[in-house]
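Here are the chains, one letter per residue:
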Amino acid sequence: MTRGTIRTSAAGIAALALLVLAAQSGWAQEAAAAGPREYGSFPWIGSRTAIWIAAEVHLMFAAFVLGVPMFAVVAEAIGIFGGDERYDRLSKEFTRLLLIAYSATAMWGAVLVFLLTTLYPRFWAHMTEIFEVSMWIYVGLFFVESFTLYLYYYGWERWKQGRAKLGHWTLGILLNVWGTAVLFIADSWLTYMMSPPADVTPDTSPAMVQAWSAFANATWMPINIHRLIANVVFGGSIVAAYAGYRFLSAKTDDERAHYDWMGYVGNFIAIGALIVLPFAGYYLGREIYEYNQQMGITMMGGFMSWLWIIQAFLIGVLFLAGNYYLWVGMGRIPGAERFLPYTKWMLFVLIIGVIVWSTPHTMIADRAELEAMGGSHHPFLGVLGVMSAKNTAVNLMILTTFLSFLMYRRANRRPVVGWARTGTILQAGLFVIAAAVVLFYGVYGYFVSAIVRIGFSVYQVLAVLATIIGVMALDVAMLRGSESRGEIRWGQMPPRSQYALFVLVVTFTWLMGLMGFARSGIRQHWHVWEVMRDTSQWAATPALGFAAQIISVCVIIFLGMISFIFWLGGLVEKPQLVPKGR
Amino acid sequence: MWGTNLKILGVVLGTIAVYTLLANAIPQIESEVPEELSFTGEVSAEELIDAGEQLYAGAGGCTACHGLGTRAPNLLTAQGSEGPIGARCGNRVPGEDCKTYLHRSMVEPNAHVVDGFQPIMPDMSRTLSDAQIWSMIAYLQSQGGEVTVTSSDLAAAAPDAASAAGGAAAGPSATTDPEALLRELQCVACHKLGAEGQEVGPPFDGIGARLSPDEIRGAILDPAATVSPGYEQFAGVMPPNFGSRLTAAQLEALVGYLAERR
């Protein structure tokens, strides 16, 4: 420090001494900046990517451990009330998978929390100040949930008979109650980030935010519902893939029969829940629009518009793979031959659906149209224009998939009721009406303005829903006491069908990662939308290509870990098999 | 068995690869962060218009609604029988000149809702700073009208620019971009940076050759402690409070940046 004239006043010397000391010992910055640091930094991949992977993989595990208990408990109930022992076994096997996946979920949760506190301290401080109470309850529920799970699994054989079995089943229900509560609490945090109550502004001190209004914010319920259903889909598809793997590596016919059946059930659950998922999606989308138009528009027409094309492609793959699996499976059902000729037409509808839904051609035509109207500089708005076509395609695909299930149900049965013929004609009529309604509004949509057109999707959805319900009701009544055309030959399934299950699980997992990106990406450069800005170097929201790479990494980590976990589970316990068929 | 395992692995990785490639094959659009504007002194209309145009077409998010013709009125092109926004802004509300009208449209969008549209236009002061809003107003005025936004509009807005920028806990903004900081904190009002700025204190060019990073940090945190040779008559002029206005990250960014200027 030789530069300049040094002031001779005592204060100057003191200040200088302090400064030299401070500068050398390096605490000058902390002392001067007065306040905690705002961001940490993570080596190599950076904070954003680190937190992204931690959150996504945690979420995948969480979705699995929340989804599986739902159908474990249903399967157990079928076992108890329907008297089918196979379902009880199935339920126990689900739960065994759950047990090990549970600790992986907790581990990734810990990783996420530690990364949040170290990399995003300012944001984390904001969140904890608002949500502290719910955070305590959250960890409390963890204990309760874990112990319920232990009791549920380890008490299985002990409480197997009579009243004790009902008690055991109640444990399963409780497990779901805790799991749902945990989900709802976590959802409140992330939906707050998306849609904080309108009276919270950048100047609001977190201490002044009303905890409940932050908790039950605008998108909380829609996300809750969307996630509950998606978890079932996800859990089902993982169970199906697990069964697929065990089927392929099975040594005995009994084993093959068991895992063939398990794969079928898993797939049934996944596709069945998938069919209602778009409706939950509409609900969520509507709430987002209602909360903030700009956010909704950014989501559907802004920089994210291409995301929906990719999503459409993935959903197309799901429908194709799911239906393919069902069709191949008809080979093991006596009497299913009579339906086989129809499958090629259904395939045709599905493929057209996928093409319409994910084609960019219509988009370009539409853009030209817009420009002719004196329009947009924004190259991607055209997507909105094809919403009509997209909705039409997805609704027809849902109908087709439902038809596949119906054929599956019907394959080895012969109705005995007198009105069976009329009933079938009625069912066919319902299908035709639904398809006509969907098509009519799809085409009509091109002749009306966007505002009116959005309303049309509701009619399309209602027509499809009504048909599914009506046809199912008819079917149940019609098959009452029906004759069998022969037992399903479980286990007699060509191996290629099982690969469809793997495609399904990868696609679901990837889709979940994609939707996660969409959900948190629409916040753009905000930690908390219009309340807390992301001022870190990672504030910009990356393009889809980069996002896809991260999503793929998450999917590989998750699938890798879960395979390892299942493999471990297989070492511990050989499942007891129940002889096929009943 | 290993054959089967490999096949499964192939199917899994193959599917993942297809999705990844697909997502990389489409147009790659990033959602940018609206760039904070920091004009100092006189700003030319061109500068404002330029900045405004970039925001309008990019990070400002306006084109999500404007330009479609149905959701929101066209701004750059004629809307119905009226001309583009710069031409029609003065006739919208009696007694409100173009500039006032546009400003109100942005920060109080529901004060006057254009006939035939819904009140969905967001209040832009929630997301954009005043400098950003004014530059966009200048840009809109340039679309068929006369630009009347000047530096005085920006200056009038300056005091609450910090709160409008929102969210940032400390300092005027939370950017860690050193050049932006030098302008924002008005360092360039007293230090020359290249051709920019006044020479009250020592120029920043070559400062890294004269001072070590520790000395630079010291000079910012406690300017009174040492006085640069040749600038004795200005001793005490440099504000002593930058230490409390900067975050640690910002301070380090500045020190690092200045130390690099050899």
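The rules behind these values
- Residues numbered from 1 in each chain as written.
- Chains lettered and ligands numbered in written order.
- Predicted model: local features only at pLDDT ≥ 70, side-chain atom pairs only at ≥ 80, totals over all residues.
- Heavy atoms only, no water.
- Disulfide = S-S within 2.5 Å.
- Buried < 20%, exposed > 50% of the residue type's maximum accessible area, 1.4 Å probe, protein only.
- 1 Å grid on protein atoms, 1.4 Å probe; cavity = no way out; pocket = protein on both sides within 12 Å on 5 of 7 lines; lining within 4 Å.
- Points joined across faces, edges and corners; volume = space filled by probe spheres on them.
- Helix = DSSP H or I, 4+ residues; strand = E, 2+ residues; numbered from the N terminus.
- Nonpolar A, V, L, I, M, F, W, Y, C, P; charged D, E, K, R; others polar.
- Core = buried A, V, L, I, M, F, W, Y, C linked by side-chain atoms within 4.5 Å.
- Contact = heavy atoms within 4.5 Å.
- pLDDT = per-residue confidence, 0-100.
- Phe/Tyr/Trp six-rings, centres within 6.5 Å; stacked < 30°, edge-to-face > 60°.
- Lys NZ or Arg CZ within 6 Å of the ring centre and 35° of its normal.
- Patch = residues over 30% accessible without salt bridge, like charges linked within 9 Å, V, L, I, M, F, W, Y side chains within 5 Å.
- Areas by Shrake-Rupley, 256 points an atom, 1.4 Å probe, with all protein chains shown as cover.
- Salt bridge = Lys/Arg side-chain N within 4 Å of Asp/Glu carboxyl O.
- Expected span 1.5 Å × (residues − 1).
- Lys, Arg positive; Asp, Glu negative; His and termini not counted.
- Charge placed at Lys NZ, Arg CZ, Asp CG, Glu CD.

> For this particular structure, what's the right way to read the state of the cysteines?
In protein structure, a disulfide is the covalent linkage between the sulfur atoms of two cysteines. Residue and element names in this part refer to chain B. Inspection of every chain in the model, using the stated rule, returns one disulfide over all chains. Each sulfur in the disulfide pair Cys89 and Cys98 lies 2.0 Å from the other. Note on the Cys89 and Cys98 pair: the S-S dihedral is about -85°, so by sign convention the disulfide is left-handed. Of the two residues examined, Cys89 and Cys98, each falls in the buried class.

> Can you help me understand empty space enclosed by the protein in this one?
Gaps left between atoms show up when a probe the size of a water molecule is rolled over them. All names here are of chain B. Under the counting rule described, the total for this entry stands at seven cavities of 30 Å³ or more. In this model, the largest cavity occupies a volume close to 470 Å³. Considering the residues around the largest cavity, the lining is formed by 31 residues, among which His66, Pro73, Ser105, Val114 and Met121 are closest to the centre. Residue assignment for the lining of the largest cavity shows that the elements contributing at least two residues are α3 (85-88), α4 (98-107) and α5 (130-141). Of the residues in the lining of the largest cavity, the class split is 21 nonpolar, seven polar and three charged.

> When you look at the nonpolar core in this model, what are you seeing that I'm missing?
One recurring pattern in soluble globular proteins is that nonpolar side chains are buried together. Membership of the largest hydrophobic core comes to 140 residues, with the highest contact counts inside it found for Phe64, Phe234, Trp510 and Leu514 of chain A. If you tally residues by element for this core, the top one is helix α9 (residues 253-291) of chain A, at 16 residues. When residues no more than four places from it in sequence are discounted, the contact partners of Trp510 of chain A are Ile310, Leu314, Ala548, Ile551, Ser552 and Val555 of chain A together with Ile16, Tyr19, Thr20 and Ala23 of chain B. Among the nonpolar cores identified, the runner-up in size contains 34 residues, and Ala50, Ala54, Trp124 and Phe184 of chain A belong to it.

> What exactly am I supposed to notice about the confidence of the model for chain B here?
Segments scoring low in pLDDT should not have their predicted coordinates read at a detailed level. Across chain B, the average pLDDT comes to 78, with 89% of residues at 70 or higher. Predicted confidence in chain B is weakest over helix α7 (residues 161-165) of chain B, with a mean pLDDT of 38, and strongest over helix α1 (residues 2-25) of chain B, with 89.

> Mind showing me how you'd approach the packing of aromatic side chains here?
Aromatic rings considered in pairs are described by the distance between their centres and by the relative angle of their planes. Residues and elements named next belong to chain A. Considering all chains together, one arrives at 34 aromatic pairs over all chains under this definition. An angle of 75° between the planes, with centres 5.1 Å apart, marks the rings of Phe440 and Tyr441 as edge-to-face. Ring geometry for Tyr441 versus Tyr459: centroids 5.0 Å apart, planes at 40°, classification tilted. Remark: Tyr459 occurs in helix α17 (residues 450-478) and Tyr441 occurs in helix α16 (residues 420-444); sequence separation between them is 18 residues. Members of the aromatic cluster, each reached through a chain of ring pairs, are Tyr264, Phe268, Phe405, Tyr408 and Trp490. One Lys or Arg, Arg86, reaches over the ring of Trp261 and ends 4.3 Å from the middle of that ring.

> Help me understand a nonpolar patch on the surface, please; the structure alone is not making it clear to me.
Residue and element names in this part refer to chain A. Taken together, the side chains of Phe143, Val144, Phe147, Tyr150 and Tyr154 present a nonpolar region at the surface, about 580 Å² in accessible area. Positionally, Tyr150 belongs in helix α5 (residues 121-154). By relative accessible area, which is 37% here, Tyr150 ends up partly exposed.

> Teacher, can you tell me more about α5 of chain B here?
All names here are of chain B. Across its twelve residues, α5 extends 16 Å between first and last C-alpha, which sits within 8% of the 16 Å expected from 1.5 Å per residue. Within α5, twelve of the twelve residues are buried, leaving the element largely enclosed by the surrounding structure. Along α5, the residues classified as buried are Asp130, Ala131, Gln132, Ile133, Trp134, Ser135, Met136, Ile137, Ala138, Tyr139, Leu140 and Gln141.

> Please clarify how the confidence of the model for chain A should be interpreted in this entry.
Residue-level pLDDT values for chain A average 80, and 84% of them are 70 or greater. Low pLDDT, under 50, characterises residues 578-582 of chain A; the stretch is placed with ten contacts to residues that sit more than four places away or in other chains.

> Please explain a negative patch on the surface as it appears in this structure.
Judged by side-chain charge, Glu46, Glu47, Asp50 and Glu53 of chain B come together as a negatively charged surface patch. The partly exposed category is assigned to Glu53 of chain B, whose relative accessible area is 38%.

> How should the pattern of salt bridges be read in this particular structure?
Pairs can form between side chains of opposite charge once their charged atoms are near each other. Residues and elements named next belong to chain A. Applying the stated rule across the entire model yields 18 salt bridges over all chains. The shortest N-O distance in the salt bridge between Arg256 and Asp253 comes to 3.5 Å. Linking Arg256 with Asp253, this pair stays in helix α9, spanning three residues, or about one helical turn. In this structure, Arg410 and Asp475 form a salt bridge, with 2.8 Å as the shortest nitrogen-oxygen distance. Of this pair, Arg410 sits in helix α15 (residues 387-410) while Asp475 sits in helix α17, and the two are 65 residues apart along the sequence. Overall, the relative accessible area of 11% leaves Arg410 in the buried class. For Asp475, a relative accessible area of 0% puts it in the buried group. Among the charged side chains, a salt-bridge network with shared partners connects Glu76, Asp88, Lys160 and Lys165.

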